[in-house]
Structures are given as structure tokens and as C-alpha cells.
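# Residue-level structure breakdown
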Amino acid sequence: MARDLKKLISEMTLEEKASLLGGKDFWHTKAVDRLGIPAVMVSDGPHGLRKQNDKADHLGVNESIKAVCFPAGCATAASFDRDLERELGEIIGNECQAEDVAVVLGPAVNIKRSPLCGRNFEYFSEDPVLAGKMSAAYIRGVQSKHVGTSIKHFAMNNQETRRMSISAEADERTIREIYFPAFEIAVKEAQPWTVMCSYNKINGTFSSDNEWLLTKVLRDDWGFEGFVVTDWGAVDDRVQGARAGLDLEMPGDTSLNDAQIVEAVKKGELPEEAVDACVERVLDVIYRFLDNRDETAVFDLKKDHEKAVGLAGRCAVLLQNDGTLPLTADAKVAYIGGFAKKPRFQGGGSSHINSFKVESALESAEKKGRKVTYTEGFLPDDTAVDQKRIDEAVAAAKAADAAVIFAGLPDSIESEGYDRDDMKLPACQDDLIAAVCAAQPHTVVVLHNGSPVECPWADDAAAVLEMYLGGEGVGEATDRLLFGETNPSGHLAETFPLKLSDNPSCLNFPGQMKSVNYAEGVFVGYRYYEKKEMPVRWAFGHGLSYTTFDMTNVKLSTEEMTDDSELTVTVDVKNTGAMAGAEAVQLYVADRNGTPERPVKELKDFAKVFLNPGETKTVEMHLTARDLSYFEERLGDWYAPSGKYELLIGDASDRILLTKEISFTTEKVIPLHVSVDTIMEELLANPKTAPIMKEFLAKGTANMGGEAEEGSAAAEAITSKMNEAMVKYMPLKSLPSFGFMTPDELQKLIAKLNG
Ligand code: BGC
């Protein structure tokens, strides 16, 4: 039976209403005992439950309950597998039901603008569509268990440096195309119960005060129905927040700000209806949880640990392989590096899980009786080069058939709260890898990191396996992957540039004291490297397998699209190798109309497909007009010019296997207000003004660049190209100056053009 929340609200005093708009403590909402409204608990998130029963904090400092640490967002995004994301969500949702947690604080979906962002390990991708679709799947999974999610951090929290004060500065097109869609897709496809607003400012306004962000965009444009909660401590002006659409302030106790809300209503500065609307949204979520409690839910640590191992195996990305992997069961293998014994599997901060069980790759190998030796090589938390340890590692590698180096970033380098200083592995690891590769041709490097690292030794390594921060199951998963019990199928959700300075944000990260300028605009990640034709170490979407795949027979449901049409793309994928495996089919779109400032191509859909040897399956992907479009600020809307678009299908952004061209016709018209400063080019491009201008130009004014005597030296200088350019870039105000019309005639022409 649906609850009558409006009636409940009508029974509340103003003070009771205000009290519901702030937390009681670190993790609970406030109860209203008089009306029988209970408090509910929220917890971090996103890749495991950080439920704190005792001393609470938002940086993962104090103990939380024993839980299972699953692969972090950096890893799960690399699966390109919506089903995996949904499964993870279902597991977390079930754990929340068992632990009486109403909302899990995730997924974290901010775009990886720079590889240096300290929290990239929690985030999904440099690509907004991948981040959006993966987060929607996670949300659907959690919420299928009647537990809420809190997609975060809305928006433009793309760095940790000065995250609580910095203003992220970008134009609307960049914001709408790059930094919003991860949230937009999740809201439209999966309706997260809550959205967490970011600490930072956007173009000078704190997210928690920002009506454009929290109401216009989130609710009016996208149709968000849940409540907005602050990031922990992100409130700026509580009353302005309530006006802007901020519902719940966390953490508590918030009684001082609650009182401000009451006072503002009494003074007529805040309409009580605005408070009522916030209260209704908060109550709606509270009761969605309470009315659907699953009393049978059990948090089975052992079972969930096994699931964590399985998920980690499906996220790993095989970056290169000369055939050394998979290792054979009888190979003598030298395991080198501290992470073999003590894997790095999660990052620091609010997502830090008190992990139930961590088995290292070395323990796994020993349990299975594999012929491995162990040499420390480097200390996981050290950076200084130790030649003695390197020499020991080289000797061990030489004495074996193959070497596996377990490398990665130490905890101290990568965490919430601060950004990395550079993109390098510690020097002791880089030197060791180079030395071992020189001594042993079958050297495999396993990486444990939440974000790209420079790999100067890559050309000399036989294989590189990216495990990311794979959760507590990472050791067991690595063992299975190395020895071919699991076939790697992850693909990079972010580019690995050759070096940090190649990254587009390099000149503007992390910005100045007060602001950071997103000067690269929409050219983030592969959108930049492709446009610049810049070589990278490993491209977005790249990932290898122990088997091979073929893609053929691409079919389109239509080759002519209009504003309202939907297009289905189908492709046959065949496993042409000898081992079962999964392939990530990627669909990119390229504008072929010469539209300025557009990326070479952009990912718009993808599908993951599992295939036995010899098996073929058909995958389906979808496009709408929006997928061909860019955000046209003059229109305040998405726009794709009529013309040709190419669909590119492949298994990496740099491995396109199939292409198809489609045509598109739009009825949208970019509005044009004609003034004396409007140039001919704009008038000729606009369907409304073009005929008028063409008629005008046909009346003998075509030679506006000037005319010179035939055969003269001047005539040679005035080419037809120059003439065309002079016309194209000429503002209307120049027409009287060059004697083509009187000022009066110009005013009449402008009136006609504005029609
Ligand atoms: C983080 C959030 C987190 C919250 C609660 C904040 O510092 O930015 O992601 O959910 O703390 O721990």
C-alpha cells in the first residue's frame, strides 16, 4: 500500500520537517519519534560495505565491520560488462539488506580527466558513456534489492587537490558532453534513489548551492526523482541549498543548520513548500527501504569472497602478450615483488574496506602446488632503488623458465584526499623490471594500480597483465589468469599515455589556488590523443585474450536517421581460437561533416559476449540522434548537423574492424540573431538566411574581395579562393563600407534576415 507522505508531512511541525533535512550523526538520518518516523543508516560504498558501528569517520580511518572488498570502479569498468556491474550491485544490495543499510554511497562516476586524480581508482572511465552505462547497471543491481544508491560526486569533482574549495571552470558544452552524461545516463536509465553533490564549485558556485545543477539539470532536464545529499560536509549556505534543491545535509548533527531553515521560512526567505518537497523526497527513500525489508538476507562472507575472486578475474586487462601467458602448469616460475605476497587490492579513504580474507597470488600458487619461487625484489611501500634486491631478483629470474613481477603503486601514492605527483611507478620497481626483462625473456609484469602508470620497460616485457585494484580476491584471480584457468577479457576504460605530459589536462591540473581551468574542453582522454594523432602506450578500449575473435556481418536497422529515430546495430562475433573467452564489442560514432571541434570518434555503445571455441553469437547495440550530437550552446540543446555519420565497430579504439555510413536529417535549426556583426559564413550556413544571402550575392556582388585588371600582377594575387574567403568572413557592417549598399539598405536587410 502506497504511503500518504503528503498527509504525514501535513502533520509535522516546521521544526520536525527541518530536522529531517539533516543527519543525526555520521551515518543516520534523524527520526521523528512523535510520528513514528524511524532513522535509517547509510554507508560507504561503492565496492564493498564500510559500515561503521562505532567510531565514525569519512576517510576510512576507524574500523568498520568485516566485509568483502570487491574490485574497485577502475577494474569493474574495464570489464565493459554491464552484467558484471549488475551482479556486483545485487551482492552489495543484499549485504545492505542483511546489515540494515538503506543507502550505499556509490557508485562514484567522476570522469578521469587526469591520470593523477587520487580517487581515479574508485571512478570508472575517461569516457562518459562507458561510465554512465556501467553505473546504471550497478544501480539497477543494488536497487533491485530495495536498497538505495547515491551516485557521486555531482559534479566535476575530478581531483582531490583543494576538492572542498576549488572552482572547476568549463564551458557548458564541455560540462554537458563530458562531465554530466555519467550522471545523466544513470538517472535516465536507473533512477538512483539519491545523488550526492560534490564539494567543489562549478564555475564559481558550490554544487550544494547550485540551483542550475540540482534542479534545472538534474530534475527538470533529466527527470531525477530521488533526493540530493551533500558529500560529507559539503554544505555551503544551508538555506540557499534548500532553495537550490539540496535535500539532505550529512553528516550530523545538523541542528544549527536545521534552525536556519526554520528561521528562513519564518522570515519568508524560503517557501515552506520548498521544505515540504525536500522532506517528501527524503521520506520517500526512507520508506522505500523500510517497506521492503528483506528479513531473510544474509551477509555470507565466504560466499561473497568467492564472488569477489570471480569478478576480479573478469575485470583484468591483458595489455600485451608474446605468448608467454598463459604459463604452463609445469613451468618453473620466479615470483618477484612484494605485491606477490601482499597484494595491493584497494585504495585509501572512504571506500576502504575492512576485508574479510585476502589470499595472495603466492599463497594461491603454493596451495595449488605450482613450481614457484619468491624473491622480494622491492618493498611495496618503498621507492628507493636497492641494487642488492634487484640482483637477487635477476638471479631468481635467470634460474626459472619465466618470471612474474608483481608491481604496482604503494598505498601512500594513491588515495582519496590528495592527487599523485607523477604517473610513475616507484623507481625501485621500474629499475627492477628493466633488469629482470633484460635477464629473462619470459618476464610478465602484473600491475596493481588504480590509474595508469608510465611503463618505460613495456617493449621489453613479454606480457603485461593489469589487475587494477581488484579487491580482496585479486591474488586468487591473478593465479587463475596467469595459468590460463581464467581467460582475460577486460579492456581499458582509460588511455595509458606514454608519459604524463602527453595528457590533455597536463597544463591545467590541479589548477591554481581558487580555480582549475578545464582548458582542454571536450578533448579528454582518447578524444584528445586521437585528434592530436599522438602515440599512446595502450589505447582506450584495448585488451587482449588467450583466444581470438572475429567480427563480421554488421547490420543496421536503418541507414537513414532523423531526430526521432532509433538505430539497432547487430554484429556477429566468433571465437576463432581454442579457448573459451569473452569479447568487448565497441561502437564508436564519427561526424563526417567537417563540423568543427568534434572528436575523431566517440564511444556510444558496447556489448560483452562470452563465447566457447568456434561459437558465434550476434550482439546488439543501439543509437539515437543524441548519439550523433554535440551540445550546441547556441541552441541550448543537443544537435547533429544533417549529413553523413560513420559507425565504427571494433575491439579497441585503435582496432576498428567494421564500418558503416549512415545519413542523418535534422529539423533542428540553430537560432541566429542577425546583427551588423554577423558574418556571411553564418548567414550562408543557416537554412533560413542562406537563400536571402545567396540571392543578394547573385546580384553581382560576388567579387567582394576586389577586382584587378586582367593579366596584371594584382590579378594573380586575387585568387578565387581569396575572393570566397573575403565573402565568407565579411561582417554585414562591411557592406556599406565597401559600397555594396547604403546603411539604410543594410538595416532593411538585417530586418529581413531576422524575419
Ligand atoms: C567522500 C564520499 C563519501 C563520504 C562519506 C567523503 O569524504 O567524498 O565519497 O561517501 O565522505 O564517507
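What you are looking at is a predicted structure, and each value in this text was computed from that prediction instead of being measured. (Residues numbered from 1 in each chain as written. Predicted model: local features only at pLDDT ≥ 70, side-chain atom pairs only at ≥ 80, totals over all residues. Heavy atoms only, no water.)

### Focus: the overall build of the chain
Under the convention used in this document: Under the scheme used here, helices are H or I runs from DSSP no shorter than 4 residues and strands are E runs no shorter than 2 residues, and both carry numbers assigned from the N terminus. Just to be clear, the radius of gyration here is over C-alpha atoms, and the globule rule we use is 2.2 Å times residues to the power 0.38. Residue exposure (1.4 Å probe, protein chains only): buried if accessible area is under 20% of the type maximum, exposed if over 50%, otherwise partly exposed. It only takes one pair of heavy atoms within 4.5 Å for two residues to be counted as in contact.
In terms of regular secondary structure, the chain is built from 23 helices and 29 strands. Since a compact globule built from 755 residues should have a radius of gyration of about 27 Å, the 29 Å found for the chain is in line with a globular shape. With the C-alpha coordinates aligned to their principal axes, the bounding extent of the chain is approximately 90 × 75 × 50 Å. Across the 755 residues of the chain, 59% fall into the buried class. Across the chain, contacts joining residues at least 24 apart in sequence account for 76% of those joining residues at least 6 apart.

### Quick notes on the side chain of Glu632
Which entries qualify depends on this criterion: Nitrogen and oxygen atoms within 3.5 Å of one another constitute a polar contact, given that in protein one can donate a hydrogen and the other can accept it, and given that sequence-neighbouring residues count only through two side-chain atoms.
The residue Glu632 is located in strand E26 (residues 630-632) in this model. Within the local environment of Glu632, its side chain forms a polar contact with the side chain of Tyr630, the two groups lying 2.6 Å apart. Residues within four places of Glu632 in sequence aside, it is in contact with Asp637, Tyr639 and Ile670.

### Digging into helix H7 (residues 181-190)
For H7, a buried count of 8 out of 10 residues is recorded, marking the element as mostly surrounded by other parts of the structure. Residues of H7 that are buried include every one of Pro181, Ala182, Phe183, Glu184, Ile185, Ala186, Val187 and Ala190, and no others. At its buried positions, H7 is contacted by helix H5 (128-143), strand E4 (148-154), helix H6 (172-179), helix H8 (211-221) and strand E27 (637-639). Just beyond H7, the residue with positive phi is Gln191, at close to 40 degrees.

### A look at the layout of surface pockets
To keep things clear, this is the line we draw: For cavity detection a 1 Å grid was placed over the protein atoms alone, and a set of points counts as a cavity when a 1.4 Å probe fits there but cannot get out; an open set counts as a pocket when protein lies on both sides within 12 Å along at least five of seven lines, with lining residues being those that have an atom within 4 Å of a point. Grid points are joined across faces, edges and corners, and a volume is the space filled by probe spheres set on the points. Residue polarity follows a fixed list, in which Ala, Val, Leu, Ile, Met, Phe, Trp, Tyr, Cys and Pro are nonpolar, Asp, Glu, Lys and Arg are charged, and the others, Gly among them, are polar.
Volume-wise, the largest pocket comes out at about 800 Å³. Looking at the largest pocket, it is lined by 31 residues, and the ones nearest its centre are Pro596, Tyr630, Glu632, Arg634 and Ile670. For the lining of the largest pocket, the elements supplying multiple residues, two or more each, are H6, E26 and helix H18 (680-685). The element best represented in the lining of the largest pocket is H18, accounting for 3 residues. A class-by-class count of the residues in the lining of the largest pocket yields 13 nonpolar, 8 polar and 10 charged.

### Re the nonpolar core
This is how the line gets drawn: To form a nonpolar core, buried Ala, Val, Leu, Ile, Met, Phe, Trp, Tyr and Cys residues must be joined to one another through side-chain atoms within 4.5 Å.
Core analysis: the largest hydrophobic core is formed by 186 residues, its most contacted members being Phe154, Leu283, Tyr335, Trp457 and Leu482. Looking at this core, the element that brings in the most residues is helix H11 (residues 272-290), giving 9 residues. Discounting residues that sit within four places of it in the chain, Leu283 has contacts with Leu5, Leu8, Ile9, Met12, Leu20 and Ile37. Ranked by size, the runner-up nonpolar core spans 27 residues in total, among them Phe549, Val609, Ala625 and Phe664.

### Concerning the site of the ligand
Selection criterion: When we say a residue is near a molecule or strand, we mean one of its heavy atoms is within 4 Å of it. To be clear on the numbers: accessible area is Shrake-Rupley with a 1.4 Å probe, and residue cover counts the displayed protein chains and nothing else.
Near the ligand you find 15 residues, and of these Asp44, Arg119, Lys152, His153 and Asp231 are the closest. Surface burial for the ligand is 100%, taken as the share of its 310 Å² of free accessible area covered by protein chains.

### Thoughts on the packing of aromatic side chains
Put simply, the rule reads: What counts as a ring pair is set by centres within 6.5 Å for rings of Phe, Tyr and Trp (its six-membered ring), and what kind of pair is set by the plane angle: stacked under 30 degrees, edge-to-face over 60, tilted for all other angles.
Scanning all chains against the criterion turns up 19 aromatic pairs. On the numbers, 5.6 Å between centres and 40 degrees between planes, the contact of Phe154 with Phe180 is tilted. Taken as a pair, Phe154 in strand E4 and Phe180 in the loop between H6 and H7 lie far apart in primary sequence, 26 residues in all. Pair check on accessibility: Phe154 and Phe180 agree, each one buried. With a centroid separation of 5.0 Å and 65 degrees between ring planes, the pair formed by Tyr179 and Tyr518 is classed as edge-to-face. Highlighted residues: Tyr179 in helix H6 and Tyr518 in the loop between strand E18 (515-517) and helix H17 (526-531), separated in sequence by 339 residues. Neither residue differs from the other here; Tyr179 and Tyr518 are each classed as buried.

### Side note on the sheet that holds strand E13 (residues 372-375)
The pairing of strands in a sheet comes from backbone hydrogen bonds and takes either a parallel or an antiparallel form. Quick reminder of the rule: Pairing between strands is defined by DSSP: at least two bridges between the two strands are required. To get an axis, a line is fitted to the C-alpha atoms, and for a helix only the part in contact is used. The angle between two axes follows their N-to-C directions and goes from 0 to 180 degrees.
With respect to topology, 6 strands assemble into an open sheet ordered E10-E16-E15-E14-E11-E13, the strand pairing being mixed. If you trace the sheet from one side to the other, it starts and ends with strand E10 (317-321) and E13, each paired once. For this sheet, the mean inter-axis angle between neighbouring strands, taken without regard to orientation, is 20 degrees. When E10 meets strand E16 (residues 463-466), the two strands line up antiparallel, connected through 4 bridges. Following the sheet pairing, Leu318 is matched in E16 by Leu465. Each of strand E11 (333-336), strand E14 (402-408) and strand E15 (443-448) touches helix H15 (residues 427-439); the most contacted strand, E14, lies at about 170 degrees to it.

### Here we look at the pairing of E11
Alternating residues of E11 divide into Val333 and Tyr335 and Ala334 and Ile336, and every residue in both groups is buried. In this sheet, E13 lies alongside E11 in parallel orientation, the contact comprising 4 bridges. Paired with Ile336 across the two strands is Thr375, which belongs to E13.

### Considerations on helix H23 (residues 743-754)
An α-helical turn contains 3.6 residues, so any two residues separated by three or four positions project in the same direction. Heads up, the rule is: By this rule the span expected of a helix is its residue count minus one, scaled by 1.5 Å. Working definition: the arc comes from the directions between the helix axis and the C-beta atoms, pointing outward to the latter.
Between its first and last C-alpha atoms H23 spans 17 Å; for 12 residues at 1.5 Å apiece the expected length is 16 Å, and the two agree. Burial in H23 covers these residues: Leu746, Leu749, Ile750 and Leu753. Down the axis of H23, the sector holding all buried residues measures 100 degrees, keeping them to one side. Exposed residues lying more than 90 degrees from the buried face of H23 are Asp744 and Lys748. Buried-residue contacts for H23 involve H18, helix H19 (690-698) and helix H22 (734-737). Where H23 terminates, the next one or two residues include Gly755, which has phi positive at roughly 45 degrees.

### Things to note about the pattern of salt bridges
As a reminder of what qualifies: Criterion for a salt bridge: a side-chain nitrogen of Lys or Arg within 4 Å of a carboxyl oxygen of Asp or Glu.
Summed over the entire model, instances satisfying the criterion amount to 61 salt bridges. Across the salt bridge formed by Asp411 and Arg344, the nearest N and O atoms sit 2.9 Å from each other. You can see Asp411 sitting in the loop between E14 and H15 and its partner Arg344 sitting in the loop between E11 and strand E12 (354-355), a full 67 residues away along the chain. For Asp411, a relative accessible area of 43% gives the class partly exposed. For Arg344, a relative accessible area of 4% puts it in the buried group. For Glu359, the salt bridge is made with Lys367, and the minimal N-O distance between the two is 2.5 Å. Accessibility expressed as a relative area gives 6% for Glu359, which makes it buried.

### Notes on the sheet that holds strand E1 (residues 42-43)
Taken in spatial order, the 5 strands line up as E1-E3-E4-E6-E9 in an open sheet, and their pairing is parallel. Either end of the sheet is taken by a strand with one partner, and the two such strands are E1 and strand E9 (227-230). The pairing of strand E3 (residues 103-104) with E4 spans 2 bridges and is parallel. Residue Val104 lies in a different strand from E4, and its bridge partner there is Thr149.

### So, the environment of Val142
By the secondary structure assignment, Val142 is in helix H5. In this structure Val142 comes out as buried when scored by relative accessible area, which is 0%. Spatially, the C-alpha atoms of Val142 and Gly337 are 37 Å apart, while their sequence positions differ by 195 residues. In this structure, Val142 is in contact with Gly89, Glu90, Ile92, Gly93, Val104, Val147, Gly148 and Thr149, ignoring residues within four places of it in sequence.

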